[in-house]
Amino acid sequence: MSISRRDFAALGAGAILTGCARGETSVAGPIERMLPNSFVSIEGRNHADVMYKMEGGKPTQVNRGQIFAFSGTKLTLNVQGSYCKVAYTSSTDIVAFDIRIDDGSWRTAVLNQGRSNLTLSESMTAPHIITLIKRTEAWQGEINILRVISDTEFNAPPPPPKRKLLFIGDSITCGANSELSGADGISGEIISNARLSYGRILGDA
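In short, a report on the structure.

Analysis parameters
Each chain has its residues counted from 1, following the order in which its sequence is written. The predicted nature of this model means local features are confined to residues of pLDDT at least 70 and side-chain atom pairs, given and counted, to a pLDDT of 80 or more, with totals for whole chains, interfaces and linings taken over all residues. Only hydrogens and water are set aside when side-chain values are computed; all heavy atoms of the structure are taken into account. Only DSSP runs of H or I covering at least 4 residues are called helices, and only runs of E covering at least 2 are called strands; the numbering of each starts at the N terminus. Categorising residues by exposure relies on relative accessible area from a 1.4 Å probe, with only protein chains included: less than 20% of the type maximum marks a residue as buried, more than 50% marks it as exposed, and the intermediate range marks it as partly exposed. Contact criterion: two residues are considered in contact whenever any of their non-hydrogen atoms come within 4.5 Å of each other. By the convention used here, strands pair only if DSSP detects at least 2 bridges between them. Between the N-to-C directions of two axes lies an angle of 0 to 180 degrees, each axis being a line fitted to C-alpha atoms and, for a helix, fitted only over the stretch in contact.

Here we come to the side chain of Ser41. On the secondary structure map, Ser41 appears in strand β2 (residues 40–43). The exposure class of Ser41 is buried, given its relative accessible area of 8%. In contact with Ser41, other than residues within four places in its own chain, are Lys74, Leu75, Thr76, Pro157, Pro158 and Pro160.

Structure (structure tokens):
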């Protein structure tokens, strides 16, 4: 069977393109996971934000995230990717977390009211452990963590403590004014910090 030069060129080009397509490495998109999940350890009170929608005449529960209101709540993530961030909604603009990567220094993140993203880590070498502790009390606002986002799947976090402690008290127990000495009274600095409360310190110890 004879084949024309034009048909031969078309077949050759098709073979080359097919080979290129097979050899290409696809770039994975961001991985998004909801809470609660096995990749995050949570200490403290939290609850799911759920709604119900009708499907086939029956109500179906839909999870819209995990709500954190009480101070001192601690989240620990074992991140394998180069970055990690959370999508959230915050009821006020004075909800604050202290964040630490591995054994590094703590930094404070004051959240924006409404829906936004909070970057926990970026341009990091995996793996790294990220710890978040909610500084502020429930009356100062609550956060709904919608999704945790990274470029690689998460690993299981370190196991939570076996012993559980309960502290009953008021705002002093929650770390109110624990950073009062460093506030200037003008800049609106958030001086409540449950991470420095005696309950949180004893619990970590």
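Bringing the pairing of strand β7 (residues 96–101) into the picture now. Two strands pair when backbone bridges link them, and β7 and strand β8 (residues 107–110) are joined in this way by four bridges, in the antiparallel orientation. The partner of Ala96 across the bridge, within β8, is Val110. Counted along the chain from β7 to the antiparallel partner β8, the turn is five residues long, and its residue Asp102 has a positive phi close to 55°. Relative to strand β10 (residues 128–134), β7 is paired through five bridges, and the arrangement is antiparallel. The residue of β10 that forms the bridge with Ile99 is Leu132.

Bringing the environment of Glu137 into the picture now. One can find Glu137 in the loop between β10 and β11 (143–150). Under the relative-accessibility criterion, Glu137 is labelled buried at 10%. Those residues within four positions of Glu137 in sequence are excluded, and the remaining contacts are Ala69, Ser71, Ser171, Cys174 and Ala176.

This next bit is on the sheet that holds β8. With antiparallel pairing, the five strands of this open sheet are ordered in space as β2-β5-β10-β7-β8. The outermost strands of the open sheet, each flanked by one partner alone, are β2 and β8. Within the sheet, the average angular offset between the axes of one strand and its neighbour, ignoring direction, is 20°. By the bridge criterion, six bridges tie strand β5 (residues 74–79) to β10 in an arrangement that is antiparallel. Across the sheet, the residue bridging to Leu75 is Leu132, located in β10.

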